[in-house]
Amino acid sequence: MSRHLVLAAALASVMAATACNAQPEVRVTTTTEVAAAPQATPLTAAGAPTTLSAEAGDEGLMSAASVVRVDWVAEDGAKMFGTAGGDPAMNGLYSYIAFFGSPADGWAVFKLGDFLDYTVLSSSAGRVDLDLHESTLNEATSEIGSRHRKVIVSWTVPAEGETPTAITVTPAS
């Protein structure tokens, strides 16, 4: 069996296995990408291994583990992030923008929506331009389609140590 058929079969298996689970996207690399990636020399053990146990009962860690994407988007410390959730056949990337205030106040987080993906087109202090890729559902036929739409996310840049109290999302072209 050729390498391309093996890769295609592996990709089909991964897609079938994750079709109904809200799992992070799996990226399959081609043989060209693998060959082009620099390979480091494997490490050699230099001591006894330490066994670790899973962290139990920490909801904060469970939420953090759901994050599948992070993009720093503005000079004022804003970041976009997405968490895996929902039905991956119908969007599934819960997308947010967050601003860090201070260690005492933490993050101000705003949910932008549930999309298949987003692309940051440009960003500057107080503004991020996004291309949103999202699923659509035709109620009459129950067919799932897709669309791209562009939006401008903006906010008033706050004083240092403060976070915006509101953001705006404006349709764009």
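Residues numbered from 1 in each chain as written. Predicted model: local features only at pLDDT ≥ 70, side-chain atom pairs only at ≥ 80, totals over all residues. Heavy atoms only, no water.

**Q** Would you mind showing me how to read the overall build of the protein here?
**A** Within the protein, the secondary structure is distributed over three helices and eight strands. For the protein, the succession of helices and strands along the chain, N to C, is α-α-α-β-β-β-β-β-β-β-β. Counting across all 173 residues of the protein, residues that qualify as buried make up 24%. By sequence separation, contacts in the protein at least 24 residues apart represent 37% of the contacts at least 6 residues apart. Counting every atom, the protein has about 11,900 Å² of accessible surface; 56% of that belongs to carbon and sulfur. (Helix = DSSP H or I, 4+ residues; strand = E, 2+ residues; numbered from the N terminus. Buried < 20%, exposed > 50% of the residue type's maximum accessible area, 1.4 Å probe, protein only. Contact = heavy atoms within 4.5 Å. Areas by Shrake-Rupley, 256 points an atom, 1.4 Å probe, with all protein chains shown as cover.)

**Q** Can you help me understand the sheet that holds strand β4 (residues 106-115) in this one?
**A** Whether parallel or antiparallel, the strands of a sheet pair through hydrogen bonds between backbone atoms. What the four strands build is an open sheet, ordered β1-β2-β3-β4; its pairing is antiparallel. Because the sheet does not close on itself, it has two edges, and the strands there are β1 (67-72) and β4. Ignoring strand direction, the axes of neighbouring strands in this sheet form an average angle of 25°. When strand β2 (residues 79-84) meets strand β3 (residues 93-102), the two strands line up antiparallel, connected through six bridges. Counted as the bridge partner of Phe-81 is Tyr-96 from β3. (Pairing = 2+ DSSP bridges. Axes fitted to C-alpha atoms, helices over the stretch in contact; angles between N-to-C directions.)

**Q** How do you make sense of unusual backbone geometry when you look at a structure like this?
**A** Apart from glycine, the bulk of residues carry a negative phi angle, and the bulk of peptide bonds sit in the trans form. Phi is positive for Asn-91, close to 70°, though the residue is something other than glycine. Note on Asn-91: relative accessible area 11%, which makes it buried.

**Q** Could you clarify how one ought to interpret the nonpolar core in this entry?
**A** By size, the foremost hydrophobic cluster in this structure holds 19 residues, and its most contacted members are Ile-97, Leu-112, Leu-130, Val-153, Trp-155 and Ile-167. The contacts of Leu-130, once residues within four sequence positions are left out, are Met-80, Leu-112, Tyr-118, Thr-119, Val-120, Leu-121, Arg-149, Lys-150, Val-151 and Val-153. (Core = buried A, V, L, I, M, F, W, Y, C linked by side-chain atoms within 4.5 Å.)

**Q** Help me out: how do you make sense of the pairing of β4 in this one?
**A** Note on strand geometry: in a regular strand, side chains alternate between the two faces of the sheet. Strand direction decides the pairing type here: β3 and β4, joined by nine bridges, are antiparallel. For Ser-102, the partnering residue across the bridge sits in β4 and is Gly-106. What sits between the antiparallel neighbours β3 and β4 is a turn of three residues.

**Q** Just to check I follow, could you spell out the pattern of salt bridges for this structure?
**A** Note that side chains of opposite charge can pair when their charged atoms are close. Tallied over the full model, the rule gives five salt bridges. The salt bridge involving Asp-129 is made with Arg-127; its shortest N-O contact spans 2.8 Å. You can call Asp-129 buried: its relative accessible area is 16%. The shortest N-O distance in the salt bridge between Glu-134 and Arg-149 comes to 2.4 Å. (Salt bridge = Lys/Arg side-chain N within 4 Å of Asp/Glu carboxyl O.)

**Q** I keep staring at the confidence of the model for the protein and nothing clicks. Help me out?
**A** Interpretation of this model should avoid reading the predicted coordinates in detail wherever pLDDT is low. Taken as a whole, the protein shows an average pLDDT of 81; of its residues, 77% reach a score of 70 or greater. Mean pLDDT values for the elements of the protein range from 40 in helix α1 (residues 3-18) up to 97 in strand β8 (residues 168-172). When the criterion is pLDDT under 50, residues 1-26 qualifies, and its contacts beyond four places in sequence or with other chains add up to 19 contacts. (pLDDT = per-residue confidence, 0-100.)

**Q** I keep staring at the side chain of Lys-79 and nothing clicks. Help me out?
**A** Position of Lys-79 among the secondary structure elements: in strand β2. Buried within the structure, Lys-79 lacks any salt-bridge partner; Asp-71 is the closest side chain of opposite charge, at an N-O distance of 11 Å. (Lys, Arg positive; Asp, Glu negative; His and termini not counted.)

**Q** Would you mind showing me how to read a nonpolar patch on the surface here?
**A** Judged by side-chain polarity, Val-70, Trp-72, Phe-100, Trp-107 and Val-109 come together as a nonpolar surface patch covering roughly 520 Å² of accessible area. Those elements that provide at least two residues to the nonpolar patch are β1 and β4. For Val-70, the location among the structural elements is in strand β1. Residue classification places Val-70 among the partly exposed residues on the basis of a relative accessible area of 44%. (Patch = residues over 30% accessible without salt bridge, like charges linked within 9 Å, V, L, I, M, F, W, Y side chains within 5 Å.)

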